[in-house]
Amino acid sequence: MQYRINPRSGDRISALGLGCMRFPGPPGRPDPARARELVARAVERGINYLDTAYLYPGNEACVGSALVELGLRDSVLLATKLPHGSVRRAEDLDRIFDEQLRRLRTDHVDYYLVHNVTSPAQWERLRELGVEDWIARQRAAGRIRQMGFSYHGSAGDFPVVLDAYDWDFCQIQYNYAGETYQAGTAGLRAAAGRGLAVFVMEPLLGGRLADRLPDRARRILDAAATPDLATPAAWGLSWVWDHPEVTMLLSGMSAPEQIDENAALAERALPGSFAPAQHEVISRVVKEFERTNRVPCTGCNYCMPCPQGINIPGCFSAYNASFAHGWFTGLSQYFTASAIRTSEPKLVSNCVRCGACVRHCPQHIDIPARLEEVARRFQPGPVGWALRAWSHRG
Ligand code: SF4
Ligand code: SF4
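Not measured: the values here are computed from a predicted model.

Thresholds, definitions, all that
Residues numbered from 1 in each chain as written. Chains lettered and ligands numbered in written order. Predicted model: local features only at pLDDT ≥ 70, side-chain atom pairs only at ≥ 80, totals over all residues. Heavy atoms only, no water. Near = heavy atom within 4 Å. Nonpolar A, V, L, I, M, F, W, Y, C, P; charged D, E, K, R; others polar. Domains from an automatic or database assignment. Contact = heavy atoms within 4.5 Å. Buried area = accessible area lost by both parts, 1.4 Å probe. Salt bridge = Lys/Arg side-chain N within 4 Å of Asp/Glu carboxyl O. Buried < 20%, exposed > 50% of the residue type's maximum accessible area, 1.4 Å probe, protein only. Helix = DSSP H or I, 4+ residues; strand = E, 2+ residues; numbered from the N terminus. Pairing = 2+ DSSP bridges. Right-handed = clockwise from strand over helix to strand, strands pointing away. Arc of directions from axis to C-beta. Axes fitted to C-alpha atoms, helices over the stretch in contact; angles between N-to-C directions. Polar contact = N/O pair within 3.5 Å; in protein donor to acceptor, adjacent residues only side chain to side chain.

A.B. asks: Tell me about the site of ligand 1, and name the residues and values.
C.D. replies: What surrounds ligand 1 is the set C306, P307, Q308, I312, C351, V352, R353, C354, G355, C357, P368 and L371. Classifying every residue of the shell around ligand 1 gives 9 nonpolar, 2 polar and 1 charged.

This is the structure we're talking about:
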């Protein structure tokens, strides 16, 4: 395993971290046995950073149990996140953090993040509730070692958030298709330039730069493949590791074999290892990706559940697939995502525009408006009437 150093703490962190959000199991109920197997394999392969969050349903408890049962708590750096929207009063900080420690079955968190910051005003509100003193007390008591934030706001606001507190680290969305999206390359350099450790999430855009890459983009990568860059995932992850400013990237690996593959890549993908010709290949892939990337959904599921039962990420994935892999491929995926062959189909046209999903989306997608586009693509005119009649039968 390749390790990189956190400039603030001196921690030696594996270049590949385990993002636990995508643990296998039904939504909201990660499978403890399979999670334990993944954690064991990750540590065996040299991974020493595990990332979870209060808001990932059932996830903190699953991570905590796995670490205790495997006796690995002291072998890893454990990260979890503060759901700032749930902090209404100063007392909520203790209440939430105590609950997190209980769930995680530990007496301290190594890396604690304010989760999903999208504007400087969110930190300012926490500051007015006394969060800075609260952090100082937790640090003094040894309950928090490093303090940071995860970010999904604009490029312009990012430096403001960086300078709003004496952070140890930050976590940004970063991949070859998003150099100017959210914090982007400018944000990566700004954070590293301030001496922060920078952790990267969504290096493969929830799989959209891996197995779901558009066909034409995939052909470009295949034509330029080398033993170290044999798959789209290898290209995507290695591109991120090529940046010396990146301390670690998180991958939401959900199978032991995936951990093996990514850990092997992490051993070889050193900073600056991409040749100019390989950067040129990536530029061509980005052009192809952008041509078919209609909705920037990463499949994070934060918007779920929809009260109308609509599978929002599944429908967006089908919509994007219809441009990347052909209309019939997308339609087939839409049929699955909307359960159209069942007695209770959940069509995108069932959206009542309640807005419950929109405020949770870290990608700031206008979900009801974009679902209308999905409906126009897969349920046009008479097809839509027939499907709606079918879905309301009985
Ligand atoms: S706006 Fe539409 S998609 Fe979003 S939660 Fe409401 S019904 Fe579901
Ligand atoms: S629509 Fe937004 S919140 Fe929902 S899965 Fe996609 S990126 Fe996540």
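From this point, the narrative continues.
A.B. asks: Lay out the domain arrangement of the protein with the relevant residues and their values.
C.D. replies: Here the domain parsing of the protein yields domain 1 (3-290) and domain 2 (312-391). Contacts between the two partners involve 12 residues from domain 1, matched on the other side by 7 residues from domain 2. Buried surface at the junction of domain 1 and domain 2, summed over both partners, amounts to about 730 Å²; 37% is from carbon and sulfur atoms. Together, H152, R212 and D215 form the three largest contributors to the area buried by domain 1 at its contact with domain 2, with a combined 42%. Counting the contacts that link domain 1 with domain 2 gives 0 salt bridges.

A.B. asks: I'd like a description of the pairing of strand β6 (residues 109-117), backed by residues and values.
C.D. replies: Of all 9 residues making up β6, 9 are buried, and the element is well covered by its neighbours. In this sheet, β6 lies alongside strand β5 (residues 77-82) in parallel orientation, the contact comprising 4 bridges. Each residue of the ladder has a partner; that of A79, found in β6, is Y111. Between the parallel elements β5 and β6, the chain passes through helix α3 (residues 91-104) in a crossover that is right-handed. As paired elements, β6 and strand β7 (residues 144-151) share 6 bridges and run parallel to each other. Note that in β7 the partner of V109 across the bridge is I144.

A.B. asks: Residue-level account of helix α13 (residues 327-337), with values.
C.D. replies: Along α13, the residues that are buried comprise G330, L331, Y334 and A337. Looking down the long axis of α13, one finds its buried residues gathered within 120° of arc, a one-sided arrangement. Exposed and facing more than 90 degrees away from the buried side of α13 are F328 and T336. Phi turns positive one or two residues past the end of α13, at A339, with a value near 50°.

A.B. asks: Tell me about the pattern of salt bridges, residues and numbers included.
C.D. replies: Tallying each qualifying case throughout the model produces 25 salt bridges. Put simply, R143 and D98 hold a salt bridge, and the shortest N to O gap is 3.0 Å. Placement of R143 in the loop between α5 (131-140) and β7 and of D98 in helix α3 is noted, with a sequence separation of 45 residues between them. A relative accessible area of 23% means that R143 is categorised as partly exposed. Each of D11, R73, D110 and R145 takes part in a single network of salt bridges with overlapping partners.

A.B. asks: Could you give me a rundown of the sheet that holds β7, with the residues and numbers involved?
C.D. replies: Read around the closed barrel, the 8 strands follow the order β3-β4-β5-β6-β7-β8-β9-β10; overall the barrel is parallel. The sheet shows a mean angle of 30° between the axes of neighbouring strands, direction not considered. Two elements, strand β8 (residues 169-173) and strand β9 (residues 197-201), share 5 bridges in a ladder whose sense is parallel. In the sheet register, I172 faces β9, and the bridge partner there is V200.

A.B. asks: For the environment of Q2, give the residues involved together with the corresponding values.
C.D. replies: With respect to the helices and strands, the residue Q2 is situated in the segment before β1 (3-5). Residues Q2 and E267, spaced 265 residues apart in sequence, show a C-alpha to C-alpha distance of 4.9 Å. Discounting chain neighbours no more than four positions away, the residues touching Q2 are I13, S14, A15, A266, E267, A269, L270 and P271. A polar side-chain atom of Q2 sits 2.9 Å from the main-chain carbonyl oxygen of A269.

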